[in-house]
Amino acid sequence: MNRGSATLKSTLYEIGVRNQALLSISVAYSGTTSARLKITDAGRATLLDSSVRGRDSNAALEAIFAWLDKHQYLSGLQAAGHRLVHGGARYTEPQRVTPKFLSALKKLVPLDPDHLPAAIKGIQFVARKFPKLAQVACFDTAFHGPLPTVAKMYALPRRLYDANIRRYGFHGLSFEYIVGELRKLDAKLAAGCVIIAHLGSGASIVALQNGNSTDTSMGFTPLEGLVMSARSGDVDPGLLLYLLAQKKMSVKAAAALLNKQSGLLGVSTTTGDMRALLEKAKQDPHAAEAIDLFCYRAKKYIGAYAAALGGLDALIFTGGIGERAPAIREKICSGLEFLGIRLDAAQNAADAQVISTTASRVNIRVIQTNEDLMIVQHVLSVLGQSKPKTN
C-alpha cells in the first residue's frame, strides 16, 4: 500500500517462487467530493473502474476490500506492507506495526503532513478489519541512513542538527530496488561510483558508492532538489522570507505555492505532465522552458555528484520520465561528454536497457523501478521467513 498526497496505490502479490503481482489497485482523488477507483489484473485488463464518494482515504479502502472480498481474494491474505515517506532519524529499517510503533509514528507527522496522516489512517483501517494480520512499515528515508555527516548537515546552528533538523533523502525504496537489480546485472559496476536519477512527478538523484547512499538531492522534505511536476525544487530560502514578510503570504499559501503550484506546472503555466509538455514544446515556448529547466537542474546535480564521488562508472535512469522519455535522457546527457558520457541515439530512442555507446566510459542504463516488490521483500524479511504463514 502506497499512499500519496492525492493517490492511493496498492498491489496484491502472490508470494512464491516468482512473487507475482495479481492485481494493481489505484485511487485518484479529484476535487473534494469523489475519487476514482481502478483495479486491473496482471495482464492490465480493467476489472473495475468506478467512482468512490468523498476524499476520505478509508472510504476508498472500504470499497477496495469489499471488492476483494466479493472476488474471494481475502481468504489468503497474509500480510500488508506500507510505504511511508518519512521515518525521521529514528527509523532506518522496516518495522513491524504495533500499537507502540503507531504511537511513535504519529510524532513524525510534522515532518510529512502531506502523506503520513493518511498512511497512518490506512494502517489503522487494516488493523481494525484484520486484527491478526501482520503489517510492516517501509520507509523511503531508510535507504539514506548511511549518508555521511557532511551530506546530512545544513549550515545551521548545531543545536538544530542535534534536534534532527537535517537532510534525510527520499525515494529510498526505488533506489534500493535499482541497486539490487544492478547488482544482478553487473556486480562490479554496482560496487563502483553510480548515480541514479529517479525522474517522475517526484524526482530525485542519488550518488552511490558500493551501493550506499553518499548524497541525494532531496533533503529535510521531498521539496529540495530537482524541478518536479508541481514542486519547485531548490529555491533561495531568502525568497521564502521575502514572500512571508514583504508579500504577507501565509505559511499555508507558501506551502501550496512550493508543493502544488510550481515545478513544471508553474513554469509552463499549463501542466505538470512531462508527456503533454513534450507534445506541445515546439509550439509553446513556456512548455519548452519548463523542459529545459527540468533537464538543466538534473544535469547540474549529475555533474556535482560525479565530482563528489570522484568519478562516475554508471548513470541509471528510472521512474516514469526516466524510463520512458528518450528526449529527456538525451537532453540531460548532452554536454556531459567531459565526464565520459556517450549516449547511443538508437538505443536511447528504443528505451533499451543499455543506452551508452561502446566507447562511453560511463555505462548508461534504463532500469524499471518496482517499489511495490521492494516492499514485498521487506515484509518477508521482517516476518523472518521467505514465505509468510497464514494467520
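Preceding block: the structure.
None of the values given here were measured: they were computed from a predicted structure.

With that out of the way, let us pick up the overall build of the protein. The secondary structure content of the protein amounts to 16 helices and 13 strands. For 391 residues, the compact-globule estimate of 2.2 N^0.38 gives 21 Å, and the C-alpha radius of gyration of the protein, at 21 Å, lies within 12% of that figure. Counting only C-alpha atoms, the protein reaches 55 × 55 × 50 Å along its principal axes. Counting across all 391 residues of the protein, residues that qualify as buried make up 49%. For the protein, the share of sequence-separated contacts (at least 6 apart) that also reach a separation of at least 24 residues comes to 60%. Total accessible area computed for the protein in this model is approximately 18900 Å², and 52% of it derives from carbon and sulfur atoms.

On to the packing of aromatic side chains. Applying the stated criterion across every chain yields a total of 9 aromatic pairs. Measuring from ring centre to ring centre gives 6.0 Å for tryptophan 67 and tyrosine 73, while their planes differ by 15°; the resulting arrangement is stacked. The exposure class assigned to tryptophan 67 is buried, which follows from its relative accessible area of 11%. Ring geometry for tyrosine 301 versus tyrosine 305: centroids 5.6 Å apart, planes at 70°, classification edge-to-face. Of the two residues, tyrosine 301 and tyrosine 305 are both situated in helix H12 (residues 285-309); the distance of 4 residues between them amounts to about one turn of the helix. The exposure class of tyrosine 301 is buried, given its relative accessible area of 14%. The class of tyrosine 305 is buried, set by a relative accessible area of 5%.

Before going further, it helps to spend a moment on empty space enclosed by the protein. All told, the structure shown has 2 cavities of 30 Å³ or more when counted by the stated rule. Volume-wise, the largest cavity comes out at about 70 Å³. What lines the largest cavity is Met1, Asn2, Arg3, Leu8, Ser57, Leu61, His82, Arg83, Ala118, Ala119 and Gly122. Elements represented by at least two residues in the lining of the largest cavity include exactly strand S1 (2-3), helix H1 (57-70), strand S6 (79-84) and helix H3 (116-129).

One pass over the full model with this rule turns up 10 salt bridges. The closest approach of N and O atoms between glutamate 224 and arginine 167, which form a salt bridge, is 3.4 Å. Separated by 57 residues along the polypeptide, glutamate 224 in the loop between strand S11 (212-216) and helix H8 (237-245) and arginine 167 in the loop between helix H5 (158-162) and helix H6 (172-185) bring together distant segments of the chain. Residue classification places arginine 167 among the buried residues on the basis of a relative accessible area of 8%. Residues joined in a network through salt bridges with shared partners are Arg167, Asp215 and Glu224.

The next thing to look at is the layout of surface pockets. Of the voids in this model, the second largest pocket is the one considered here, and its volume is about 720 Å³. Considering the residues around the second largest pocket, the lining is formed by 30 residues, among which Thr11, Leu12, Tyr13, Leu77 and Ala79 are closest to the centre. Contributing elements (two or more residues each) for the lining of the second largest pocket: strand S2 (7-14), strand S3 (20-30), H1, S6 and helix H16 (371-382). Looking at side-chain class alone, the lining of the second largest pocket contains 22 nonpolar, 5 polar and 3 charged residues.

Every buried residue of helix H2 (residues 99-106) is listed here: Phe101, Leu102, Ala104 and Leu105. Along the long axis of H2, the arc covered by the buried residues comes to 165°, so they all point the same way. Away from the buried face of H2 by more than 90 degrees, exposed residues Pro99 and Lys100 are located. Its buried side turned inward, H2 meets S6, strand S7 (95-96), H3 and strand S8 (134-139).

Taken together, 5 strands build an open sheet; the order of strands is S11-S10-S9-S12-S13 and the sheet is mixed. Single-partner strands in this sheet number two, and they are S11 and strand S13 (363-366). Geometrically, the sheet is characterised by an average inter-axis angle of 25° between neighbouring strands, direction not taken into account. Packing of H6 onto the sheet brings it into contact with strand S9 (193-199), strand S10 (203-209), S11, strand S12 (314-318) and S13, and relative to S9 it is tilted by some 130°.

As a further point, take the environment of serine 51. Considering the arrangement of structural elements, one finds serine 51 in strand S5 (residues 46-53). Between the C-alpha atom of serine 51 and that of valine 27, which follows or precedes it by 24 residues, the distance is 9.1 Å. Setting aside residues no more than four positions away along its own chain, serine 51 makes contact with Ala35 and Arg36.

All right, on to the packing of H6 against H16 then. The interhelical angle for the contact between H6 and H16, taken along N-to-C directions, is 85°, at an axis separation of 8 Å. With respect to each other, H6 and H16 are oriented roughly perpendicular. Listed contacts from H16 to Leu173, Ser174, Glu176 and Tyr177 of H6 are Glu371, Leu373, Met374, Ile375 and His378.

Here we take up unusual backbone geometry. Although it is not a glycine, lysine 248 adopts a positive phi angle of roughly 55°. You can see lysine 248 is positioned in the loop between H8 and helix H9 (251-260). One non-glycine residue with positive phi stands out, namely aspartate 351, at about 55°. Along the chain, aspartate 351 falls in the loop between helix H15 (345-349) and S13. We classify aspartate 351 as partly exposed; its relative accessible area is 32%.

Conventions and cut-offs
Residues numbered from 1 in each chain as written. Predicted model: local features only at pLDDT ≥ 70, side-chain atom pairs only at ≥ 80, totals over all residues. Heavy atoms only, no water. Helix = DSSP H or I, 4+ residues; strand = E, 2+ residues; numbered from the N terminus. Rg over C-alpha atoms; globule rule 2.2 N^0.38 Å. Buried < 20%, exposed > 50% of the residue type's maximum accessible area, 1.4 Å probe, protein only. Contact = heavy atoms within 4.5 Å. Areas by Shrake-Rupley, 256 points an atom, 1.4 Å probe, with all protein chains shown as cover. Phe/Tyr/Trp six-rings, centres within 6.5 Å; stacked < 30°, edge-to-face > 60°. 1 Å grid on protein atoms, 1.4 Å probe; cavity = no way out; pocket = protein on both sides within 12 Å on 5 of 7 lines; lining within 4 Å. Points joined across faces, edges and corners; volume = space filled by probe spheres on them. Salt bridge = Lys/Arg side-chain N within 4 Å of Asp/Glu carboxyl O. Nonpolar A, V, L, I, M, F, W, Y, C, P; charged D, E, K, R; others polar. Arc of directions from axis to C-beta. Pairing = 2+ DSSP bridges. Axes fitted to C-alpha atoms, helices over the stretch in contact; angles between N-to-C directions. Parallel < 35°, antiparallel > 145°, perpendicular 65-115°, else oblique.

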